[in-house]
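# Structural overview for review
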Amino acid sequence: MTHTPPPSGISGRRTAAWALAVLLACSSVQAQTAGGRAASRPGDFIVAVVNTELVTAVELQQRLDRIKADARRDNTRLPDDDSLRQQVLDALIDERVQITHARESGQRVDDGDIDRAIANIAAQNQLTVLQLRDRLRADGMDLPRFRSNLRDQILVERVREREVNQRIRITDADIDQALAARQAQAAVGDELNLAQILVTVPEGAAADVVAQRQARAEQALARLRAGEDFSKVARELSEDANREAGGELGMRPADRLPDLFVSATKGVAVGQITPQPVRSAAGFHILKVIDRQGDDPYKVTQTRARHILMRAADAAQAAQVARRLETLRAQIERGERKFDDVAREVSEDGSAAGGGDLGWASPGNFVPEFEEAMNRLSPGGISPPVGSRFGVHLIQVLERRSATLDPKEVREQARARLRESKFESTYLEWAKELRLRAYVEMREPPV
């Protein structure tokens, strides 16, 4: 068995969220070349010249307005106005630096990538592509310029991912150290993937209420003993936050689970359930051992999953994307559409052509937020929209299997984890070096 890296888009290989060139809320102000059009809005002026790009006062103000609106909505505290303005200006300058660098890289973006991005932006805003074009024109932005800006942002992302990864160096000594640490940690205790059906009991409940709740738990246990699927019973009867995922909690070290759960499942084989409901302060639990991993780094549970990825520029657009994906999820679950067809149509990941199929993956192949959501799913289950630094995903688990990795695969798995851990700092170094090499001229407001 050979290790195949997952397609671009969800593996742990980048840090900044993918930025669209234009949000509809501020689509009329864009980067302009220094030799091109001058800022034309009344009261507008050039704030900075960055290589061949301009940052204008109107653009800066619109970015500030959007950040402040987001902060009010999310009840987030912002720095004082002067500090915030400087932070936003620095971010805009960094964007310009990366755009000009990406254009000079020689890499290209296909028209098909642009078409898919435009279709998704229109869908996220409940518009057709023609309606989006009219909206942009009304805001002073024609479609060719809009496409050009989208092309720049996709290009920046691809160049950033390639160049930052080329800078990360993982030595054999690094891998040896990571594996030694992993074995030392594993020796402390098992890792468990449990699923639960929880029947809650109110605090201070009377004896008759406790008896009623226990009877409900016993009813669930009887259905399981009769052969019903655990995830089905969990979705119907469980009262915990993981009920939609079939009650699955995901793979966790034993010391991160309640002691009650660990002790109750100590003699329970993989695939089996606790013989009786387990009582806690929260209520009655029926526990199933989905997987148990000890101190053998060569034995893992692999997952074959597929996903739909739609990218988002910021929190406001991520919310729009999530609503769009929730609608698609409902259509898929009702049988109106097929997951793989939707992936081919709208997904912005390299796996789209294959219906979003990511193949078999071992733990650590994907970024943590994606992997945690995937691990909570039972086979066949579809996640709610899941945010990661790459955008928003719908994830479907197709199947799972136990696998024994050969030593080379174990080392590659460790290498992937180390690469993920180093990406953030390496990206910041890369961005800082580009900024230092760039031509940046700050302009004073006109008198």
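Residues numbered from 1 in each chain as written. Predicted model: local features only at pLDDT ≥ 70, side-chain atom pairs only at ≥ 80, totals over all residues. Heavy atoms only, no water.

### Concerning the packing of helix H5 (residues 143-167) against helix H13 (residues 407-437)
Going by this rule: All axes are obtained by fitting lines to C-alpha atoms, using only the stretch in contact for helices, and the reported angles, taken between N-to-C directions, cover 0 to 180 degrees. Labels follow the DSSP assignment, with helices taken as runs of H or I lasting at least four residues and strands as runs of E lasting at least two, numbered in each case from the N terminus. Here roughly perpendicular refers to angles of 65 to 115 degrees, roughly parallel to angles under 35, roughly antiparallel to angles over 145, and oblique to all remaining angles. Should any heavy atoms of two residues lie within 4.5 Å, those residues are considered in contact. For this classification, the nonpolar set comprises Ala, Val, Leu, Ile, Met, Phe, Trp, Tyr, Cys and Pro, the charged set comprises Asp, Glu, Lys and Arg, and every other residue, Gly included, is treated as polar.
Relative to each other, H5 and H13 sit at 110°, their axes nearing to 9 Å. Judged by the angle between their axes, H5 and H13 are roughly perpendicular. Facing H5, whose interface residues are Arg160, Glu163, Val164, Asn165 and Arg167, H13 presents Arg419, Phe423, Thr426, Tyr427, Trp430 and Glu433. Its residues assigned to classes, the contact of H5 with H13 comprises four nonpolar, two polar and five charged.

### Some thoughts on helix H12 (residues 368-375)
Think of an α-helix as turning once every 3.6 residues; residues three or four places apart then point the same way. Here is the rule: Each residue is placed in one exposure class: buried if its accessible area under a 1.4 Å probe, protein chains only, is under 20% of its type's maximum, exposed if it is over 50%, and partly exposed if it falls in between.
For H12, the complete set of buried residues consists of Phe370, Glu371, Ala373, Met374 and Asn375. Elements in contact with the buried residues of H12: strand S3 (191-200), strand S4 (248-253), strand S7 (299-310), strand S8 (357-361), strand S9 (386-388) and strand S10 (391-404).

### Some thoughts on the sheet that holds S8
Note the cut-off: A pair of strands is treated as paired once DSSP finds two or more bridges between them.
The strand order across the open sheet formed by four strands is S8-S7-S10-S9, and the pairing between neighbours is antiparallel. Pairing within the sheet leaves two strands with one partner each, and these edge strands are S8 and S9. Each strand of the sheet is rotated relative to its neighbour by a mean of 40°, with strand direction disregarded. In the sheet, S9 pairs with S10 via three bridges, with the strands oriented antiparallel. Bridge assignment links Gly387 to a residue of S10, and that residue is Val392. Taken strand by strand, H12 contacts S7, S8, S9 and S10, and its axis lies near 65° from that of S10.

### Here's the deal with the pattern of salt bridges
We count it as follows: The salt bridge criterion pairs a side-chain nitrogen of Lys or Arg with a carboxyl oxygen of Asp or Glu, the two atoms within 4 Å.
In the structure shown here, the tally under the stated rule is 36 salt bridges. For Glu333, the salt bridge goes to Arg329, with nearest N and O atoms at 3.5 Å. Here Glu333 and its partner Arg329 are both found in helix H10 (residues 315-333), four residues apart, which amounts to about one turn of the helix. Given a relative accessible area of 8%, Arg329 falls into the buried group. One salt bridge in this structure joins Glu412 and Arg415, with 3.5 Å as the shortest N-O distance.

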